[in-house]
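Spelled out, the chains give:
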Amino acid sequence: MASSNFKDHLGRPIVAVTGMGIITSLGQGLSDNWAALTSGKSGIHKITRFPTDNLSTKICGTVDFIDIPAPNSVERSFAFARETTIEALAQAGLSGDFNGPLFLAAPPIEPEWSARFELADRSPPAAKPGDAYDRFMAALRQRPDPAFQEAALFGAISERLSDQFGTRGLPVTLSTACASGATAIQLGVEAIRQDRTDRALTVATDGSVSAEALIRFSLLSALSTQNDPPEKASKPFSKDRDGFVIAEGAATLVLESLEAAVARGAKVLGIIKGAGEKADSFHRTRSSPDGGPAIATIRAALADAGFSESDIGYVNAHGTSTPENDKMEYSSMLAVFGEGLKAIPVSSNKSMIGHTLTAAGAVEAVFSLQTMLTGTLPPTINYTNPDPTIALDVVPNVKRDAQVSAVLSNSFGFGGQNASLVMTREPA
């Protein structure tokens, strides 16, 4: 029987993080990303991947320094996930087959329009109205297109990762909007807590920035149009914020039961202490203005961790820089923490890396753990015009030294997909 030292307040296995890997617009690898993030550097730049003529948004946080065999979102997302997983496994000291389940957060991507148009151009003429599917299939039978096929399969990325890293069982691919990365971590935590495995590989990736994605978000009035200079566009919790900056990235976390990690002599980087998740049926894209589901999500994460509000020393905010979401997140935190919120430092990594969409929850979990490991709170840059209705200590513009033992990381997604994680340092 496991020692009580390895069980949480509910008698479940404590879940440790033993490896981390990350890619964002700031660079590849944890060391480079952390150095850039804590120095207040921005990874936001002008879009060069596709023409932006007549588009109101011309900036992004794309990752354009990873070689891929085909220029599409699936290949980018797979490449980011592969590289972060290699880094995380190396840090965890694991080689060979992983022999644990894979939980992947991946964007709901499809073949890009350029690929669809190319397929249509080589399809046979229409025989009757509505036979486009049959024509496309005929063209693919005549000349198979593996890249197009990969781009059409939702589970293609997880299958390839599973094959490369030797995970066990059916790889799980999930997509819960901006909460996806945190949800993937939650699934890994639950698998270990339920004694279904001693370890889990949790990966979140998003390489889906395309003209179509940018146009769709622009039609929702969600993106910043403050294009010049690009690095000043993302300004969470500021009075003049006007939208988020679309971005790419990936993060991988190796999760293990604390008992298994200690038994093999692994270095423990932190503990996933609690997770909460709530759905919001208010609107297809908007979160409930009263913050009810977000409030319930934070409280659920605290309860799962066995924590009170006063146990949290730092918040890694969702902090998208959209007028509505920032206000909702503030009111939600205020409802949970009350007057104590003024004494809790808050940062938004998105001020520097943009919104990495499906990957955001995992990317920010990595930064949250790194905050505790280093005793450094990353800044929220571009905070020069505070919103007087949002009274937060946002660690403005310059990093801060502070020893933190517990972090809350929020991920509040489009359509009301909400997830929060509570992370702590390694227990004594």
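Above this text sits the structure in question.
Here the residue numbers are simple positions, counted from 1 along each chain's written sequence. Only residues with pLDDT of 70 or above have their local features reported here, since the model is predicted, and side-chain atom pairs are shown and tallied only from 80 upward, although totals for entire chains, interfaces and linings are computed over all residues. Here the side-chain values reflect all heavy atoms present in the structure, with hydrogen atoms and water set aside.

Which residues make up the packing of helix H2 (residues 73–92) against helix H6 (residues 156–165), and what are the values?
Whenever a helix is involved, its axis is fitted only over the stretch in contact; in every case the axis is a line through C-alpha atoms, and angles between N-to-C directions fall within 0 to 180 degrees. Here a strand is any run of E in DSSP of at least two residues, a helix any run of H or I of at least four, and the numbering for each starts at the N terminus. Their axes nearest at 10 Å, the elements H2 and H6 cross at an angle of 35°. At the point where H2 passes H6, the crossing takes the right-handed sense. Of H6, the residues touching H2 (which contributes Val74, Glu75, Ser77, Phe78, Ala81, Arg82, Thr85, Ile86 and Leu89) are Ile157, Arg160, Leu161, Gln164 and Phe165. Of the residues belonging to the contact of H2 with H6, the class tally is eight nonpolar, three polar and three charged. Handedness of a crossing follows from how the near helix is turned relative to the far one, being left-handed for an anticlockwise turn of less than a right angle and right-handed for a clockwise one. For this analysis, residues touch if any pair of their heavy atoms sits within 4.5 Å. When residue character is reported, Ala, Val, Leu, Ile, Met, Phe, Trp, Tyr, Cys and Pro are called nonpolar, Asp, Glu, Lys and Arg charged, and the others, Gly included, polar.

How would you sum up the pattern of salt bridges? Please name residues and give values.
Just to be clear on terms, a salt bridge is a Lys or Arg side-chain nitrogen sitting within 4 Å of an Asp or Glu carboxyl oxygen. Scanning the entire structure with this criterion turns up 16 salt bridges. Where Arg241 meets Asp387, a salt bridge forms, and the shortest distance between an N and an O atom there is 2.8 Å. Of this pair, Arg241 sits in the loop between helix H8 (211–219) and strand S8 (249–257) while Asp387 sits in the loop between strand S12 (376–377) and strand S13 (400–401); the two residues are 146 residues apart in sequence, bridging distant segments of the chain. Here Arg241 and Asp387 have matching classes, each one buried. Look at the salt bridges and you will find they share partners, linking Asp8, Arg12, Arg193 and Asp304 into a network. A simple rule labels every residue: compare its accessible area, found with a 1.4 Å probe on the protein chains alone, to the largest value its type can have, and call it buried under 20%, exposed over 50%, or partly exposed in between.

Give a detailed account of the environment of Pro125, specifying residues and quantitative values.
Within the element layout of this structure, Pro125 appears in the loop between helix H3 (113–121) and helix H4 (132–142). In this structure the C-alpha to C-alpha distance between Pro125 and Ile312, which are 187 residues apart in sequence, comes to 63 Å.

Just give me the short version of the nonpolar core, but keep the residues and values in it.
The nonpolar core is taken to be a set of buried Ala, Val, Leu, Ile, Met, Phe, Trp, Tyr and Cys residues, with the residues joined through side-chain atoms within 4.5 Å. By size, the foremost hydrophobic cluster in this structure holds 46 residues, and its most contacted members are Val17, Ile185, Leu253 and Leu255. At seven residues, helix H13 (residues 360–374) tops the list of elements feeding residues into this core. Discounting chain neighbours no more than four positions away, the residues touching Leu253 are Val17, Gly19, Ile185, Ala200, Leu201, Thr202, Ala362, Val366 and Leu369. Counting residues in hydrophobic clusters, the runner-up holds 26 residues, among them Phe237, Ile295, Ala305 and Leu408.

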